[in-house]
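Results of the structural survey
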Amino acid sequence: MLDERARLLLKALVERYIAEGQPVGSRALSKVSGLDLSPATIRNVMADLEEQGYIASPHTSAGRVPTARGYRFFVDSLLVVKPLERGELDELEGQLRPAEPERLIAHASSLLSELTHFAGVVVAPRRARPIIRHIEFLSLSEKRVLLIIVTEDGEVQNRILFSDRRFEQTDLVAATNLFNENFAGRTLEDIQARLKEEVKQLRADMIMLMTAAVEAGSELMQDTTKQYVVSGERHLLEVDDLSSNLDRLRELFGLFDQRSSLIWLLDLASRAEGVQIFIGQESGLAPLDECSVVAAPFDVEGQVVGTVGVIGPTRMAYSRVIPIVDITARLLSSALARTRSPGRQKGIKTARPSWRRPNPSPPYTRASISTSTISPSISPYLFRVEK
């Protein structure tokens, strides 16, 4: 355990290094620490910190830089989080208003990147059994039908169905009413099973439309079982700590493209409460050895549905990034809930979270791994679907 003097010097060193990006020497540290200590005393304390693995000395400099262990101790025990500026909070609130979930997720990822100048990422976990709230068939032309699918969580998707025969609008209205009266509020698997049981009782044209709706819905859910949006990867090209190692940067961009490992990490973060921070090798992913990931789960009506996060160098302004991630998760939760239940839009306010030093127990913990998969399978029928 570090004594108070060592803690204060480590805090000053980390903050100075985050701000300037240069190794911090004992003379500079004596000026910024606020402690009445001689440079010799500070050198002795720094030597102790280095021996314990909190700081390191680059080969080309007499100054010191934080190690991953130093950053971890700083984040867990020394960090004071700063509230966002009013303008930044207004920007977040203005952009994250009720809308279709896919649009909200894209906006959240983009905002995280814009405000931090790092990569912003949002992942919505797999939906094991999406529930269909209602559908609607609309005639577009002689042999084209627009299918509108609305899920229970408020997501709206459109698909164009191509048919070998013409449907009158009255037929489409009848099919819409028939589907919603008999199948609304059910999962696609339930609808498929029930449709097979009742197929003999339906007219041939109704069978075609019902089956086309289930087929298109199945493809829709396969496309969106894992929503994954990354924005602002280009910002990482401007980070000296990362851009100086092209091979490592190439691995990092490969991680963004490959997706599954990063999704696994963010799923991991969604299993715990509050903001989660993975520093360097804590992520268990080699391309992130020189990066930190700050992530937080978002929910709808108390049920966790995804994770927002920022990926940047270990030398990041944690006091700024943490509240950005936290508030984005809160606002996204609120917007998704209001999208799902429009009647709740009035009177909702988003308060600034109150931050305090995580002492004695840090809130940034690791979580257990949990994965799930679903692969709905519905055979194609008589329609061709345009995505």
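Our subject in this report is the structure included herewith. (Residues numbered from 1 in each chain as written. Predicted model: local features only at pLDDT ≥ 70, side-chain atom pairs only at ≥ 80, totals over all residues. Heavy atoms only, no water.)

Topic: the sheet that holds strand 3 (residues 119–124)
Taken in spatial order, the five strands make up an open sheet running 8-3-11-10-9, and their pairing is antiparallel. A single partner strand is all that each edge strand has here, and the edge strands are strand 8 (227–231) and strand 9 (276–279). Geometrically, the sheet is characterised by an average inter-axis angle of 15° between neighbouring strands, direction not taken into account. With ten bridges connecting them, strand 10 (residues 291–300) and strand 11 (residues 303–313) associate as antiparallel partners. Among the inter-strand pairings, Asp299 is bridged to a residue of strand 11, identified as Val304. Packing against the sheet, helix 6 (residues 101–116) makes contact with strand 3, strand 8 and strand 11, and its axis sits at approximately 155° to strand 3. (Pairing = 2+ DSSP bridges. Helix = DSSP H or I, 4+ residues; strand = E, 2+ residues; numbered from the N terminus. Axes fitted to C-alpha atoms, helices over the stretch in contact; angles between N-to-C directions. Contact = heavy atoms within 4.5 Å.)

Some words on the packing of aromatic side chains
The final tally for this structure, using the stated rule, is four aromatic pairs. Consider the rings of Tyr71 and Tyr318, whose centres lie 6.0 Å apart with planes at 55°: the pair is tilted. Separated by 247 residues along the polypeptide, Tyr71 in helix 4 (residues 68–78) and Tyr318 in helix 13 (residues 318–340) bring together distant segments of the chain. Arranged with centres 5.9 Å apart and planes meeting at 75°, the rings of Phe253 and Phe256 form a pair that is edge-to-face. A residue pair is termed a helical-turn pair when its members lie 3 or 4 positions apart in one helix, as Phe253 and Phe256 do in helix 11 (residues 246–258) at three residues. Overall, Phe253 belongs to the partly exposed group, its relative accessible area being 25%. Assessed through its relative accessible area of 3%, Phe256 is described here as buried. Just above the ring of Tyr17 sits the side chain of Arg315; from NZ or CZ to the centre is 5.7 Å. (Phe/Tyr/Trp six-rings, centres within 6.5 Å; stacked < 30°, edge-to-face > 60°. Buried < 20%, exposed > 50% of the residue type's maximum accessible area, 1.4 Å probe, protein only. Lys NZ or Arg CZ within 6 Å of the ring centre and 35° of its normal.)

Details of the packing of helix 1 (residues 4–20) against helix 3 (residues 39–51)
It is the contact of helix 1 with helix 3, at a shortest axis distance of 10 Å, that shows an interaxial angle of 85°. As judged from the angle between their axes, helix 1 and helix 3 are roughly perpendicular. Where helix 1 abuts helix 3, its residues Arg5, Ala6, Leu9, Leu10 and Leu13 lie against Thr41, Ile42, Val45, Met46 and Leu49. Its residues assigned to classes, the contact of helix 1 with helix 3 shows eight nonpolar, one polar and one charged. (Parallel < 35°, antiparallel > 145°, perpendicular 65-115°, else oblique. Nonpolar A, V, L, I, M, F, W, Y, C, P; charged D, E, K, R; others polar.)

Quick word on the environment of Arg16
Mapping Arg16 onto the fold places it in helix 1. In the structure, Arg16 is positioned 17 residues away from Ser33 in sequence and 9.6 Å away in space, judged by C-alpha atoms.

Description of helix 6
Under the 1.5 Å per step criterion, the end-to-end length of helix 6 is 23 Å for 16 residues, consistent within 8% with the ideal 22 Å. Considered for burial, the residues of helix 6 that qualify are Pro101, Leu104, Ile105, Ala108, Ser109, Leu111, Leu112, Ser113, Leu115 and Thr116. Following helix 6 by one or two positions, His117 adopts a phi angle in the positive range, close to 65°. (Expected span 1.5 Å × (residues − 1).)

That's the geometry; what it means functionally is another story.
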